[in-house]
Amino acid sequence: MGLMYVLKATMKKSKIFKAPSAQKAPPFWIRAILVLTCTSVSFSHGSNDGQKGVGLVMIILIGILPAYFALDASKNPVKLYSNTVNVGVLINKMDTAKLSNLDRAEYRTIRKKTDTLLKYTGNIKSFESVPANKRFELRKDIIVTGKSMDKLFATAKQAITLSKEDEAKLKSFVKENKTFTEYAPWWVILMISTSLGIGTMIGWKRIVLTVGEKIGKTPINYAQGAVSQLVAAGTISISSTLGLPVSTTHILSSGVAGSMVAEDGIKNLQAKTIKSIAIAWLITLPVTFVVSGSLFLFLRWIIA
Amino acid sequence: MLGLSTGLVFLLIVCLLFVCFFECINGFHDTANAVATVIYTNALKPRIAVIWSGIWNFLGVYTGGIAVAMGIVNLLPTDALVDQNMYHAISMIIALLLTAVLWNLGTWYFGIPCSSSHALIGSIFGVGVAYMLLPDAHNISMNWSKAMDTVLA
């Protein structure tokens, strides 16, 4: 929205603020910018929203087929062992005297899990030779070690008196161990990206109408299109790198609304559409929260 | 097959189809956002625009890394992630998938550009909190810091 003001100030009365005329393609350079920004929104959308599907598939696969997907079978268990040896050495250096009872419990958990990991990974050459139920145990040990370590560093950073270097090393070993449980096979990514691609190509009309015509009183013009796209692509890309799942929809729709306001002030918005969008946004989290929670409890009650 | 009973294999396939379906809806929800501007400004013909956008979405998922994917997985409480009981896992999966898909489909039907991410995140929290309400839940550890990050984002 701010960007829109800047653009407007620099290019007064330029033709990019005119509403597009029917059936006529815009001048080449405007067209190039619009296509480019659409491309980057699509790309960043894929890298953020597509990932959510990948995460879901992994929850399913690990839940139903833990024996096959609990650990990244393509990785070398020897590395897991050597990493864990290093973790063991480093946690021995920690000073436990000043820890609170709660932190000491975390410390003990880390110790215990590290020992079990060492015991089971000491003499295996590949994960295939590990019995199915043991693989899930290994996964559990890795996850619990990681979480307890996070907690320990969050609450007792001063008390454990590790040197800066040792702390960094320890964190990187734990992080590398996590890659054994946090992974996605290539075919999962392929499956999700194909679905997303197909979904894109069908059924887009309803929403296009809302974004294009119903948010503002005038249909969006070239500058509005480009600005809201640029802002959206940028914001989403940053969030993807940070590992934050954000909403493409919120970002882009707000971008369009913002550019409408910049153009002609707040009266340029269609109150009715904005209201229904806002209500839907507000109730999405609580409604899905309650519905899925009760459904879960209900299912647990009947099948487990 | 895969050491599972036929019923479970069937369920697995249904669940995977559900996710694909969820992604499809997400595709038409959000791409609409991406292409609305080009279509309305006549920069591209609708058909070309959606195919173009579809291809770039595909590339985005394929090259995007898995940071966000793991962010989603880690929204669940640790206990739920390390629960070895398959039926617990199944109730969890069905509950969150069904909710997210229905909400998405509903808002798409009414043409509201609503967030599939929030639908999914809301469902995951719902399951997470419900999990903590269970009588046999011990060592409760909901991922509140991640939750706050997401809400603020």
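First things first, this report covers the structure right here in the doc. (Residues numbered from 1 in each chain as written. Chains lettered and ligands numbered in written order. Predicted model: local features only at pLDDT ≥ 70, side-chain atom pairs only at ≥ 80, totals over all residues.)

## Regarding the overall build of chain B
Working step 1: Helices and strands together make up the secondary structure of chain B, namely seven helices and zero strands.
Working step 2: In chain B, the order of α-helices and β-strands from amino to carboxyl end is α-α-α-α-α-α-α.
Working step 3: By sequence separation, contacts in chain B at least 24 residues apart represent 68% of the contacts at least 6 residues apart. (Helix = DSSP H or I, 4+ residues; strand = E, 2+ residues; numbered from the N terminus. Contact = placed C-beta atoms within 7 Å.)

## Here's the deal with the nonpolar core
One broad rule of soluble globular proteins: the nonpolar side chains tend to lie buried together.
Working step 1: By size, the foremost hydrophobic cluster in this structure holds 73 residues, and its most contacted members are V54, V57, M58 and I60 of chain A together with A69, I93 and L97 of chain B.
Working step 2: With twelve residues, helix α5 (residues 86-109) of chain B is the single largest residue contributor to this core.
Working step 3: Apart from residues lying up to four places away in sequence, I93 of chain B is in contact with I59, I60 and G63 of chain A together with C15 of chain B. (Core = buried A, V, L, I, M, F, W, Y, C linked by C-beta atoms within 7 Å. Buried ≥ 20, exposed ≤ 12 C-beta atoms within 10 Å, placed from the backbone.)

## Regarding helix α4 (residues 77-92) of chain A
All names here are of chain A.
Working step 1: Between its first and last C-alpha, α4 extends 23 Å over 16 residues, near the 22 Å set by a 1.5 Å rise per residue.
Working step 2: Within α4, the full set of buried residues consists of P77, L80, N83, T84, V87 and I91. On an axial view of α4, the arc spanned by its buried residues comes to 115°, and they lie on one face. (Expected span 1.5 Å × (residues − 1). Arc of directions from axis to C-beta.)

## Here we look at the environment of T181 of chain A
All names here are of chain A.
Working step 1: Checked against the element boundaries, T181 lands in the loop between α7 (164-178) and α8 (186-201).
Working step 2: Accessibility expressed as a C-beta count within 10 Å gives 23 for T181, which makes it buried.
Working step 3: Sequence spacing of T181 and N123 is 58 residues, and the spatial spacing of their C-alpha atoms is 20 Å.
Working step 4: Every residue in contact with T181, bar those within four places of it in the chain, is listed here: L71, R139, I142 and I143.

## Thoughts on the packing of helix α6 (residues 132-155) of chain A against α7 of chain A
Residue and element names in this part refer to chain A.
Working step 1: At a minimum axis separation of 9 Å, α6 and α7 run at an interaxial angle of 145°. Considering the relative orientation of α6 and α7, their crossing is left-handed. Together, I142, T145, G146 and M149 of α6 and V174, N177 and K178 of α7 make up the contact between the two elements.
Working step 2: Per-class residue counts for the contact of α6 with α7 are three nonpolar, three polar and one charged. (Axes fitted to C-alpha atoms, helices over the stretch in contact; angles between N-to-C directions. Left-handed = near helix turned anticlockwise from the far one by under 90°. Nonpolar A, V, L, I, M, F, W, Y, C, P; charged D, E, K, R; others polar.)

Purely geometric stuff here, so don't read any function into it on its own.
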